[in-house]
Structures are given as C-alpha cells and as structure tokens.
Amino acid sequence: MAYIFKFPAEVRTNAQGNQVLANFHHYCISLSDVWVTIDWSGLNYMDANLSAVLLAMTYRLKKERGLKFFLNAQDLKGPLSIFWRNGLAHYIYNTNKKPDDERDSTIPIKAFKIADVDKFAEFIERDLLKHRGLDNVKFTDKEKVKGSYFEIFNNIEIHAKTQAPLFACGQLFPKQNQVIFTLVDLGVGFLHNVKAFTAETEKIVKAEDAINWAIKGNSTKEEASGGTGLKKILFYCMKNNGKFHIVSDDCYWQFDGAINHTRINNPFVGATIHLIFSYN
Amino acid sequence: MTTVNIAHLIGTSNAIIQKFGLQVLDKANSLIERGENVELYFGDLSNTTTGFFHASIGNLYRAYGDQFFNLVTVSGIDKKEDWTEKYEEAINLVKNPKKANEIDFAISKLFE
C-alpha cells in the first residue's frame, strides 16, 4: 500500500498553514516502518521557514515510528527549489550535503541540541543577521532581533523538558523588507508547565490561557524571577510592526497588531514560535 | 575583592540561558559566604538575555537585599547598550514584582 500525503496549493505561516502541517503529522503518526510520500505535486508555494516545522515532524516520525519519507525531486522546481537551497530536501533525502544558497532570500535550516548556545548564537549572528539580504538593516535593529531570538532560546531551554533537538529556519522577503524566523521544539508545550504551576491559583487548563499567562510575563520558574523575555518580544513587535505567533498544544496564538487565537485539530507536540520582523 | 570573569566561569561568551545565570549565582554566593566581596566582569561576554540577569543579579539581590550593592560590583556591563537596563530590571523586579511598567500597560491593553 502506498502512503501519500498530498499538500494543498499554498502553505503559509498562519493557522491554516499550521493545520496542514498538523494534518500531515497526524496522518503519519498512526503508521510505522513504511515509506510515506510527501506529495508536493499540487503545492505552488510554502513559506521556507516552515521547513523547521516539517523537519521537526519528520525527525520525530523517523525516530518514533520508523518512517521514511520520499519527496519527488520533480516537485522541487520553481519556487519550491528553495527547499534544496535551505537544506530541507537534503535532510529528507539524507544526502549529507550542506544547504546551497544562491539567492538572497534563503536562510539555511538547522537543528541544535537544546543547550548548544554557541552554535545557536553563531547561526543567528552569521547565517541570519550577517546575511547579505539584511545588509541595510540598522545595527540597533539587528541587536533587538537577535536579543529576541536568544530570549526564545532561553525560554525553550528552561521549559521544553526534552533532550530532542531544536529546529530553526527562516526566510527573507526582500520585497516586503521582512524576515520570518521559526523555532520548533519537541518538548512538553506551554500548557503542561503552566497548568501544573497554577493548579492552586488561577487553574489554567486551556492552551490559549497558558500562552496568554506566559506572554504577560509570568513564569513557572521561581529562580527566573519572572519571564520577561516573551513580554519584551511582544512589546518590540508592537512598536516595530512585528508579528509573533506561538503554536502549542491545540492553540495557534498570534499577535498581528492584535491578539487572536485559533484552535488546531490534531496538534503537534512541543512549541513552534514564528517571529516576523519588518525592517526599513 | 575577587573578580569573576563570567565568560570564563560559564565557558562561553553567550550568556543567553538561565542556567548560566544560576552558575554565576552559585559562584558569587560561595565567595560571599567566605567573606569576600565580588566583582562580576561582563566584558568578555558577547550576548546576554533577561533570563540570565534574573537568575544571576535578580537572585543575588533577593538573597542580600540592599547589602547586595556593598557585596557585589559589576564591570564591563557598559559593553552593550541594554545590559545595564537588564541589570536594573532584574533588581527592580525583585524589589517590586507587582510594579507595572510601560510594557505591562501596553500589553494589558491588548487583552482588554
């Protein structure tokens, strides 16, 4: 029997796009030790930063379900050739080749051990902020953006409770002066920790409430003296036309000028964070 | 006075996770318990986060109150524009955790 998951025409960094990826994971999680075809024959466009989500999913499915994945190379043409350049296709095919960036818009995909601060810092500073596509961005803006990614990394290191790697990928949109960067962990998600921590107080039991609680600066770690990192990122986004999306448990939480959340069916594990920054 | 070079202590110039802040806390605590004053040297760091400052400076202030300023001095913290701000914020958050600031007001508006 052939196992094929067909992607729709478009997958973007929003709740609908996340649902497509969650559906892919849900389709695969009931299978074991078989090949699954990732069918992109009808896919015209996918945000390249979502490679981090797809790689996290295939990593987990390979490890826990023994699955192998097939992508038809014929589908990786035109706008989808970016998935060669950012390295996703190399990971799927196990080519052991490095990402091959020939254009201004590509940021390579990368996996990190969760405490490997130096590799993460090097990735942010060299592959992202020194990218030729960001040459015209002011130093102070780069420092703010870098600080935001490090705050997220710290948050994951504290809360994810997993030894599994962290996956990162970005994409530059030079015409829109925008950079999207996505970080995915395979940890316990926001609700697990917040629910336990608030069991005697606010009794938070829903994912959107857990994310709201964290984003307001609360922390489940006494020694952290308050989780101000996420709060500062949100404030920076408010002041600088940024967007901040968090996907955890069954919630797609987003700040795009206002806060909204969308329920995700068959959610993936851990947390996915998208930061979308605009620059002049 | 004993100088603690933070980058040497934590083994990296990237003080971006809370765990490293707790290492600084432990080291400073052990020196203070031996009766020594501590100088924390930030100059060889390249990156920090609020989580690092809360875990190190915030917890030291929590432990020693205003005596902290006699026991612990900092140097090299002016290397980056926002490090002093993070340092002060870590202390202020312990002094008055409920005190809302500009960020809190702005964010609370989003939830109205």
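Everything in this summary refers to the structure shown in the same document. Remember, it's a predicted structure, so these values are computed and weren't measured experimentally. (Residues numbered from 1 in each chain as written. Chains lettered and ligands numbered in written order. Predicted model: local features only at pLDDT ≥ 70, side-chain atom pairs only at ≥ 80, totals over all residues. Heavy atoms only, no water.)

**Thoughts on the overall build of chain A**
In terms of helices and strands, chain A carries nine helices and twelve strands. Its C-alpha atoms give chain A a radius of gyration of 18 Å, near enough to 19 Å, the size a compact globule of 280 residues would have. Each principal axis of the C-alpha atoms in chain A carries an extent, and together these give about 50 × 45 × 35 Å. Here chain A holds 280 residues, and the buried ones make up 57% of them. If you sum the accessible surface of chain A, you get close to 12,200 Å²; carbon and sulfur atoms cover 48% of it. The centroid of the 34 positive side-chain charges in chain A is displaced by 2 Å from the centroid of its 30 negative side-chain charges. (Helix = DSSP H or I, 4+ residues; strand = E, 2+ residues; numbered from the N terminus. Rg over C-alpha atoms; globule rule 2.2 N^0.38 Å. Buried < 20%, exposed > 50% of the residue type's maximum accessible area, 1.4 Å probe, protein only. Areas by Shrake-Rupley, 256 points an atom, 1.4 Å probe, with all protein chains shown as cover. Lys, Arg positive; Asp, Glu negative; His and termini not counted. Charge placed at Lys NZ, Arg CZ, Asp CG, Glu CD.)

**Topic: helix α2 (residues 51–65) of chain A**
Residue and element names in this part refer to chain A. Compared with an ideal rise of 1.5 Å per residue, which puts 15 residues at 21 Å, α2 spans 20 Å between its outermost C-alpha atoms and is within 8% of the ideal. Within the sequence span of α2, burial applies to S51, A52, V53, L54, L55, A56, M57, T58, R60 and L61. Once α2 finishes, G66 follows within two positions and takes phi at roughly 65 degrees, a positive value. (Expected span 1.5 Å × (residues − 1).)

**Digging into the sheet that holds strand β5 (residues 68–71) of chain A**
Residues and elements named next belong to chain A. The strand order β1-β3-β5 describes an open sheet built from three strands, whose pairing is parallel. Strands at the two margins of the open sheet, each flanked by one partner only, are β1 (3–6) and β5. Across the sheet, the axes of successive neighbouring strands diverge by a mean angle of 25 degrees, strand direction being ignored. Examined bridge by bridge, β1 and strand β3 (residues 35–39) share four bridges and lie parallel to one another. Bridge pairing in β3 places K6 opposite D39. Sheet contacts for helix α1 (residues 15–29): β1, β3 and β5; angle to β1, the most-contacted strand, approximately 170 degrees. (Pairing = 2+ DSSP bridges. Axes fitted to C-alpha atoms, helices over the stretch in contact; angles between N-to-C directions. Contact = heavy atoms within 4.5 Å.)

**A closer look at the interface of chain A and chain B**
Each partner contributes residues to the interface: chain A has 34 residues there, and chain B has 29 residues. Regarding the contact of chain A and chain B, the summed buried area is about 2,700 Å², with carbon and sulfur atoms giving 59% of it. At the junction of chain A with chain B, the criterion picks out three salt bridges. Here K80 of chain B makes a salt bridge to E143 of chain A, at a shortest N to O gap of 3.6 Å. Of all elements in the fold, only α5 (117–129), α6 (139–159), α8 (207–215) and α9 (228–239) of chain A reach the threshold of two or more residues within the side of chain A that touches chain B. Residues of the side of chain A that touches chain B, tallied by class, amount to 14 nonpolar, seven polar and 13 charged. (Buried area = accessible area lost by both parts, 1.4 Å probe. Salt bridge = Lys/Arg side-chain N within 4 Å of Asp/Glu carboxyl O. Nonpolar A, V, L, I, M, F, W, Y, C, P; charged D, E, K, R; others polar.)

**Observations regarding the pairing of β3 of chain A**
Judged from the four bridges that link them, β3 of chain A and β5 of chain A form a sheet pairing that is parallel. Paired with V36 of chain A across the two strands is F69 of chain A, which belongs to β5 of chain A.

**Some remarks on the sheet that holds strand β12 (residues 271–278) of chain A**
Residues and elements named next belong to chain A. Spatially, β6-β7-β8-β12-β9-β10-β11 is the arrangement adopted by the seven strands of the open sheet, whose pairing is antiparallel. Edge positions in the open sheet fall to β6 (106–112) and β11 (259–263), since each of these has one partner strand only. Strand-to-strand, the axes of this sheet are offset by a mean angle of 10 degrees, without reference to chain direction. Bridge analysis of strand β9 (residues 243–248) against strand β10 (residues 251–255) gives five bridges, and the strand direction is antiparallel. Directly across from V247, in β10, lies its bridge partner Y252. Contacting β6, β7 (166–173), β8 (178–185) and β12, α2 runs over the sheet at an angle of about 155 degrees to β7.

**Structural notes on the side chain of D127 of chain A**
Residue and element names in this part refer to chain A. Residue placement: D127 occurs in helix α5. Among the residues examined, D127 registers a relative accessible area of 14% and is labelled buried. Of note is the side chain of D127, whose polar atom sits 3.3 Å from the side chain of R126. Contacts of D127, omitting those with residues within four sequence positions, involve I107, P108, K110 and E122. (Polar contact = N/O pair within 3.5 Å; in protein donor to acceptor, adjacent residues only side chain to side chain.)

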